[in-house]
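Architecture and fold: a report
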Amino acid sequence: MDAVLVINADLGPLHRVTVQHAIRMLCRRVAEIHEAEPDQVIGIFPVPRVVRLVRYVVTRWRFSAGPAWSRAGVLRRDGRCCAYCGGPAGTIDHILPRSRGGRNSWRNTTAACYACNQRKGDRTPAEAGMPLRREPVVPSWASLAGR
């Protein structure tokens, strides 16, 4: 087992950590074992599968408008699939070009292959005659983490 699930004091999942990190959390008494591997120990602790935080951690950021924009996030959201031809994508394209005031935002960027990105150039998809296969959306935390 190489990852240990960390859950909040209210039993809501937070993230995963290494076994070593989980043991350090147990030693510092920040967390306690919620579920462990049977018949396996590390020192005085059974090998944890799930640790529960002793105190509740506020996770308001998880319920905000969504994660911050990033190139890697756009490629992940679109499954590294070109929005114009459907082929494998390695770049991002601004729907409204940056030279015309387009911003780095979830709704203005999409994954594109190099050829389509060059062909579209400094034009909108309508001007270039290249319709989008899907509308860009603001992803949720769960959709980005789930892939």
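Residues numbered from 1 in each chain as written. Predicted model: local features only at pLDDT ≥ 70, side-chain atom pairs only at ≥ 80, totals over all residues. Heavy atoms only, no water.

**So, helix H1 (residues 19-27)**
To be explicit about the condition: Categorising residues by exposure relies on relative accessible area from a 1.4 Å probe, with only protein chains included: less than 20% of the type maximum marks a residue as buried, more than 50% marks it as exposed, and the intermediate range marks it as partly exposed. Put simply, DSSP marks the helices as runs of H or I at least four residues long and the strands as runs of E at least two long, and each gets a number from the N terminus on. The arc under discussion is defined with respect to the helix axis, by the directions toward the C-beta atoms.
Among all positions of H1, only Val-19, Ala-22, Ile-23, Met-25 and Leu-26 are buried. Around the axis of H1, the buried residues are gathered within 155 degrees of arc, so they sit on the same side. Arg-29 sits one or two residues past H1 and shows a positive phi near 60 degrees.

**Quick notes on the nonpolar core**
Most often, soluble globular proteins have nonpolar side chains that are buried together. Quick reminder of the rule: Side-chain atoms within 4.5 Å link the members of a nonpolar core, which is a set of buried Ala, Val, Leu, Ile, Met, Phe, Trp, Tyr and Cys residues. Whether two residues touch is decided by their heavy atoms; if any such pair falls within 4.5 Å, the residues are in contact.
Residues Cys-82, Tyr-84, Cys-116 and Met-130 are the most contacted members of the largest nonpolar core, which totals 14 residues. Mapped by element, the contributors of at least two residues to this core are helix H2 (71-77) and strand S6 (109-112). Those residues in contact with Cys-82 that sit more than four places away from it in its chain are Gly-87, Ala-89, Ala-111, Ala-112, Cys-113, Cys-116, Arg-133 and Arg-134. The next biggest cluster of nonpolar side chains, apart from the first, holds 13 residues, and it includes Val-6, Leu-14, Val-17 and Ala-22.

**Some details on the domain arrangement of the chain**
Using the following cut-off: Note that the domain bounds were set by an automatic or database domain assignment.
Under the domain assignment used here, the chain contains domain 1 (3-61) and domain 2 (71-141). Relative to domain 2, the C-alpha centre of domain 1 lies at a distance of 40 Å.

**Points about the pairing of strand S1 (residues 4-7)**
The criterion, for reference: Strand pairing requires that DSSP identify at least two bridges connecting the strands.
Strand direction decides the pairing type here: S1 and strand S2 (residues 13-17), joined by 4 bridges, are antiparallel. Residue pairing across strands places Leu-5 opposite Arg-16, the latter belonging to S2. The hairpin formed by S1 and S2 contains 5 residues between the paired strands, and Leu-11 there has a positive phi angle of roughly 75 degrees. Relative to strand S4 (residues 45-53), S1 runs parallel, the two sharing 3 bridges. Residue pairing across strands places Val-6 opposite Val-51, the latter belonging to S4.

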